[in-house]
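Examination of the molecular architecture
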Amino acid sequence: MAEHMRIMLPGPTPCPDEVLKALSRPMINHRGPEFAQIVNACTAGVKWLYQTTHDLLTLTTSGTGAMESAIVNVLSPGDKVLALVSGEFGKRFATIARTYGAEVDVLEVPYGSPITPEVVSQKLAEGKPYHAVLLTHNETSTALLNPIDLIAPVIRRALPDTLILVDAVSGLGTSPLPVDELDLDVVVAGAQKAFMLPPGLAFASVSPRAWEAYAKAKMPRFYFDYGKARDMLAKGQTPWTPAISLFYGLEVAVRLLQEEGLDPIFKRHERLMRMVRAGARGLGLKLVVEEDRYASRAVTGIYAPEGMDPSVLRKTLQSRFGYVVAGGQGPLTPYIFRVGHLGYYDEADMLGLLAALEATLAALGEDIKPGAAVAAAQAELMPTKAIAR
Ligand SMILES: *Cc1c(COP(=O)(O)O)cnc(C)c1O
C-alpha cells in the first residue's frame, strides 16, 4: 500500500504548507479586533478572486450550505424558478429550491453536454416570469464548464429583473467568473476547492438586486440569514462562532493567490486541464466532455477502458502509487473516473499522475504504450494554443 496519499479530487484539495501551519495557530476572540482584521483581509481577498464589488459573505458551512443560503435568502415559497441542469450538482440546486417550496421548472441537458445560450433562449421565449434562474458554473459531476459568459447575458436580456443564482463552488478560482460584469446576483463558492483550504468555509456574493429580493423573501432562514451576516461583517464579525482556524488559513491562501495573480491562476488551471485531457487521449481513453471549450478547468472526467470497472482502476492507482482520484456521480458512476486539478496543483503533479495511470492500466492488462500519456501531456507544455470558442 502506497503510504503517501496524493489526492487528486475535485474537493477536498491539497493545502499549501503555509496554509496548514496557519491552521494550527491558537484561538483568539472572534469578537475582538484581531479577528476583525483577519475577516476584513479575507473578505477583500475573496472579493478580488470573485472580481466583484458586491457584498461578500463568508459562511461556516460546506458548499451545499452556501447553495441553500442562496435559495432561502432571496426566494419565497411559490416563486417560479428555472433550474438549468447539466449534472448532479445542478439537480441538487433544483432540489434545495423545491425543498423550500419554490415552483421549479428544470431545463436539463444530456450529461457531458453544456447548457448553451440557444437552449436557454428557447426556454425563456416561453415567456414565464421566472423569479430566479439557477445555474452551475462548473458542473463537477460531469467535469463540464458551462459557458456562463454567454448564458448570463441571454437570461438578463429576456428577464431583466430575474435573479441569477450561480453554484460556482468548484469553478470559482479556476476560470474567469467576472461576477459584476456578468451581473450575477448570488454566486457561491467553497473553501475546499480552488481556495486551497480544508472544507468548512463557503462564500456568497450578494448583488444589490439580491438584497432587494432579500427584503421581500419569505422562505424560512436563520443560521444563513444574509442580513445578519452583512450587519456583523460591518463590525468584522460573523453572526455565529466561525471556523476561526479556517479564517487563519484563508488569509494566507488569498495572499498566495494574489501573489500568483488572477490571469496566471486561470492559465495554470487551463494548462493542467489540457495536460490531463491530452494524456487521456494519448492513451486512447474517451473523455466525458469532448469539446475542449466546455472542458472543466477544475476536474477531468475520463471513461475507463471498455469493460474495466473504474473503481478497480482507482483502487489500483491508489494502492500502487498513492494517487486518489474520484469516481463518477449519478448515471456515469459505472463508467468514469475523475481527476481533480483545481487549487494547489502544478504541472509536475499531472505528469506524475499520468505516468502512474499508464502503469496502472498496464498492470490491469491494458495494451498501453509506456509514455504515451506523459508525452502527450508534455506536448501541452510547449507554447499554448488558444482554445477556439
Ligand atoms: C463540491 C461542490 C459543491 C458542494 O459540495 P459540499 O460537499 O457541500 O461542499 C457544490 N457544487 C459543486 C459544483 C461542487 O463541485
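Whatever comes next refers back to the structure up there.
Anyway, here's the lowdown on the structure attached to this text. Just so you know, these numbers come straight off a predicted model, no measurement behind them.

About the thresholds
Residues numbered from 1 in each chain as written. Predicted model: local features only at pLDDT ≥ 70, side-chain atom pairs only at ≥ 80, totals over all residues. Heavy atoms only, no water. Helix = DSSP H or I, 4+ residues; strand = E, 2+ residues; numbered from the N terminus. Rg over C-alpha atoms; globule rule 2.2 N^0.38 Å. Buried < 20%, exposed > 50% of the residue type's maximum accessible area, 1.4 Å probe, protein only. Contact = heavy atoms within 4.5 Å. Salt bridge = Lys/Arg side-chain N within 4 Å of Asp/Glu carboxyl O. Polar contact = N/O pair within 3.5 Å; in protein donor to acceptor, adjacent residues only side chain to side chain. Axes fitted to C-alpha atoms, helices over the stretch in contact; angles between N-to-C directions. Parallel < 35°, antiparallel > 145°, perpendicular 65-115°, else oblique. Left-handed = near helix turned anticlockwise from the far one by under 90°. Expected span 1.5 Å × (residues − 1). Arc of directions from axis to C-beta. Phe/Tyr/Trp six-rings, centres within 6.5 Å; stacked < 30°, edge-to-face > 60°. Core = buried A, V, L, I, M, F, W, Y, C linked by side-chain atoms within 4.5 Å. Near = heavy atom within 4 Å. Areas by Shrake-Rupley, 256 points an atom, 1.4 Å probe, with all protein chains shown as cover. Pairing = 2+ DSSP bridges. Right-handed = clockwise from strand over helix to strand, strands pointing away.

Attention now goes to the overall build of the protein chain. When you go through the protein chain residue by residue, the secondary structure sums to 13 helices and 13 strands. Taken over C-alpha atoms, the radius of gyration comes to 21 Å for the protein chain, in line with the 21 Å a tight globule of 389 residues would show. Projecting the C-alpha coordinates of the protein chain onto the three principal axes gives extents of approximately 60 × 55 × 35 Å. In the protein chain, buried positions account for 59% of the 389 residues. Pairs at least 24 apart in sequence give 74% of the contacts found in the protein chain among residues at least 6 apart.

Where charged atoms from two side chains of opposite charge approach closely, those side chains can pair. Following the criterion strictly, the structure yields 21 salt bridges and no others. The salt bridge partner of E290 is K286, with a shortest N-O separation of 3.5 Å. Accessibility expressed as a relative area gives 54% for E290, which makes it exposed. On the accessibility criterion, K286 (46% relative accessible area) is partly exposed. Counted as one network, the salt bridges with shared partners bring together R156, D183, D185 and R209.

Summarising the element assignment, S296 is placed in the loop between α10 (262-282) and β11 (299-303). A polar atom in the side chain of S296 sits 2.9 Å from the backbone nitrogen of A298. At 3.1 Å, the side chain of S296 and the backbone nitrogen of V299 are in polar contact.

The next subject is the packing of α10 against helix α12 (residues 347-363). Contact pair α10 / α12: the axes reach a minimum separation of 10 Å and the direction vectors enclose 15°. Of the possible angle classes, the one that applies to α10 and α12 is roughly parallel. Crossing of α10 over α12 shows right-handed handedness. Of the residues in α12, those in contact with R271, L272, M275, V276 and G279 of α10 are E347, M350, L351 and L354.

What follows concerns helix α11 (residues 310-321). For α11, spanning 12 residues, the distance from its first C-alpha to its last is 16 Å, which sits close to the expected 16 Å at 1.5 Å a residue. The set of residues buried in α11 consists of P310, L313, T316 and L317. Viewed along the axis of α11, the buried residues span an arc of 125°, placing them on a single side of the element. As for α11, its buried residues are in contact with β12 (323-327), β13 (336-340) and α12. Backbone geometry just after α11 places G322 at a positive phi near 85°.

The tally for this structure, following the rule as stated, stands at seven aromatic pairs. Considering the side-chain rings of F222 and W240, the 5.2 Å spacing of their centres and the 25° angle between planes classify their relative orientation as stacked. Taken as a pair, F222 in the loop between α7 (208-216) and α8 (226-233) and W240 in the loop between α8 and α9 (244-260) lie far apart in primary sequence, 18 residues in all. Here W240 falls in the partly exposed class, since its relative accessible area comes to 26%. An aromatic cluster of three or more residues is present, and its members are F222, Y223, F224 and W240.

It is worth spelling out the nonpolar core at this point. Counting residues in each nonpolar core, the largest one holds 94 residues, and the members touching the most others are L84 and L184. Ranked by residues supplied to this core, first place goes to α9 with 10 residues. Core analysis: the next-biggest nonpolar cluster, separate from the first, contains 29 residues, L283, L287, I302 and L354 among them.

In the vicinity of the ligand there are 13 residues, among which S62, T64, T140, Q192 and K193 approach most closely. Within the side chain of Q192, one N or O atom sits 2.7 Å away from an oxygen atom of the ligand. Coverage of the ligand by the protein chains reaches 87% of its 380 Å² of free accessible surface. At the level of secondary structure, the elements contributing two or more residues to the shell around the ligand comprise α3 (63-74) and α4 (88-99). Examining the composition of the shell around the ligand, we find that three residues originate from one element, α3, more than from any other.

We now examine the pairing of strand β4 (residues 103-108). Bridging between strand β3 (residues 80-85) and β4 involves six bridges; their strand directions are parallel. Along β4, the bridge assignment pairs K80 with E103. At this point the chain moves from β3, through α4, to the parallel β4, and the crossover so formed is right-handed.

The next point concerns the sheet that holds strand β9 (residues 186-190). Working definition: the strands of a sheet are paired by backbone hydrogen bonds and lie parallel or antiparallel to each other. Taken together, seven strands build an open sheet; the order of strands is β2-β10-β9-β8-β5-β3-β4 and the sheet is mixed. In the strand order of this sheet, the two ends are held by β2 (55-60) and β4, each with one partner. Neighbour-to-neighbour, the strand axes of this sheet turn through a mean angle of 20°, independent of strand direction. Both strand β5 (residues 132-136) and strand β8 (residues 163-167) contribute to a ladder of five bridges, which runs parallel. Following the sheet pairing, T136 is matched in β8 by D167.

Checked against the element boundaries, W211 lands in helix α7. If near-sequence neighbours (up to four positions away) are discounted, W211 is found in contact with D55, L57, V206, Y226, G227 and R230.

What follows is about α4. The end-to-end C-alpha distance of α4 is 16 Å, a good match for the 16 Å that 12 residues give at a rise of 1.5 Å each. Considered for burial, the residues of α4 that qualify are F89, G90, F93, A94, I96 and A97. Seen end-on, α4 carries its buried residues on one side only, within an arc spanning 155°. Those residues of α4 that are buried lie in contact with α3, β3, β4, β5, β6 (138-139) and β8. Phi turns positive one or two residues past the end of α4, at G101, with a value near 95°.

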